Amino acid sequence: MIRARTRSPEDTKNLAAGLAELAQPGDLLLLVGDLGAGKTTFTQGFAAALGVSEPVTSPTFTLAREYRGRLLLHHLDVFRLDQISEVLDLGLPELLDGDGVILIEWGNAIRQALPNDCLEVALTFVDNQDEAPDERVVTLTAAGSRWQARINSIRRAATRWAEDSTC
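First, a word on scope: everything that follows refers to the structure included in this document. (Residues numbered from 1 in each chain as written. Predicted model: local features only at pLDDT ≥ 70, side-chain atom pairs only at ≥ 80, totals over all residues. Heavy atoms only, no water.)

1. Details of the side chain of R136
Item 1. Position of R136 relative to the elements: it lies in strand 7 (residues 136-143).
Item 2. Of the side chains with opposite charge, D134 lies nearest to the buried R136, which makes no salt bridge, at 5.2 Å.
Item 3. At a separation of 3.0 Å, a polar atom in the side chain of R136 contacts the main-chain carbonyl oxygen of G36.
Item 4. Within the local environment of R136, its side chain forms a polar contact with the backbone oxygen of P133, the two atoms lying 2.8 Å apart. (Helix = DSSP H or I, 4+ residues; strand = E, 2+ residues; numbered from the N terminus. Buried < 20%, exposed > 50% of the residue type's maximum accessible area, 1.4 Å probe, protein only. Lys, Arg positive; Asp, Glu negative; His and termini not counted. Salt bridge = Lys/Arg side-chain N within 4 Å of Asp/Glu carboxyl O. Polar contact = N/O pair within 3.5 Å; in protein donor to acceptor, adjacent residues only side chain to side chain.)

Next up, the structure:
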């Protein structure tokens, strides 16, 4: 687990951009956090680093968006899903077998339907929200051999924002 602290939306985007440099076809990232914690902001930074030039917006109502860059980016938001079986309607099994990268907002809600190999990105508000409304603690948890093999690269990408890290 790697803990980082971002102090602005731009910081969150820059952290995401560093992680996007490590992205490989078939990667899965689960974005976890309360409403307004920065999941879409993280995705915007990730997408920009992949060379996506179009605006990246939350797919809350469309459930899924696709963007073309260095890698195909599938951006899903499962907040509105009522049942785990609805994941199949999104074509998630096909996306997981594809050659793109998948970022799923509220991914923890469907964790049991996903492969074990993923990078969980948990964004949380800091305790002194009144004094630092844009600060976030970002916890990166590498699960599975695919992400564990890149843990040192993940740590280097997050160094600028690192609070502490353990593995």
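Having seen the structure, we can now continue with the description.
2. Concerning the packing of helix 1 (residues 9-20) against helix 2 (residues 39-49)
Item 1. The geometry of helix 1 relative to helix 2 is characterised by a closest axis approach of 7 Å and an angle of 45 degrees between their N-to-C directions. Considering the angle they form, helix 1 stands oblique to helix 2. As for how helix 1 packs across helix 2, the hand of that crossing is right-handed. Contacts between helix 1 and helix 2 involve P9, T12, K13, A16, A17, L19 and A20 from the former and T41, F42, Q44, G45, F46 and A49 from the latter.
Item 2. Here the residues of the contact of helix 1 with helix 2 sort into 8 nonpolar, 4 polar and 1 charged. (Axes fitted to C-alpha atoms, helices over the stretch in contact; angles between N-to-C directions. Parallel < 35°, antiparallel > 145°, perpendicular 65-115°, else oblique. Left-handed = near helix turned anticlockwise from the far one by under 90°. Contact = heavy atoms within 4.5 Å. Nonpolar A, V, L, I, M, F, W, Y, C, P; charged D, E, K, R; others polar.)

3. Considerations on the pairing of strand 5 (residues 101-105)
Side chains on a regular strand alternate between the two faces of the sheet.
Item 1. A large share of strand 5 lies buried, amounting to 5 of its 5 residues.
Item 2. The alternating pattern of strand 5 places V101, L103 and E105 and I102 and I104 on opposite faces, both of which are buried.
Item 3. Where strand 2 (residues 28-32) and strand 5 come together, 4 bridges link them in parallel fashion. Counted as the bridge partner of L31 is E105 from strand 5.
Item 4. Pairing geometry for strand 4 (residues 73-77) and strand 5, over 5 bridges, is parallel. Across the sheet, the residue bridging to H74 is I102, located in strand 5. (Pairing = 2+ DSSP bridges.)

4. Points about unusual backbone geometry
Item 1. Its identity as a non-glycine residue notwithstanding, W106 has a phi of 65 degrees, on the positive side.
Item 2. Within the secondary structure, W106 sits in the loop between strand 5 and strand 6 (118-125).

5. Points about the nonpolar core
The tendency in soluble globular proteins is for nonpolar side chains to be buried as a group.
Item 1. Membership of the largest hydrophobic core comes to 34 residues, with the highest contact counts inside it found for L29, F42, F46, V121, L140 and I154.
Item 2. For this core, the secondary structure elements donating two or more residues are strand 1 (2-6), helix 1, strand 2, helix 2, strand 5, strand 6, strand 7 and helix 6 (151-157).
Item 3. Ranked by residues supplied to this core, first place goes to helix 1 with 4 residues.
Item 4. If we ignore the near neighbours within four places in the chain, the residues touching L29 are F42, F46, V101, I102, L103, I104, L119, V121 and W147.
Item 5. Counting residues in each nonpolar core, the second largest holds 12 residues, with L95, W106, L114 and C118 among its members. (Core = buried A, V, L, I, M, F, W, Y, C linked by side-chain atoms within 4.5 Å.)

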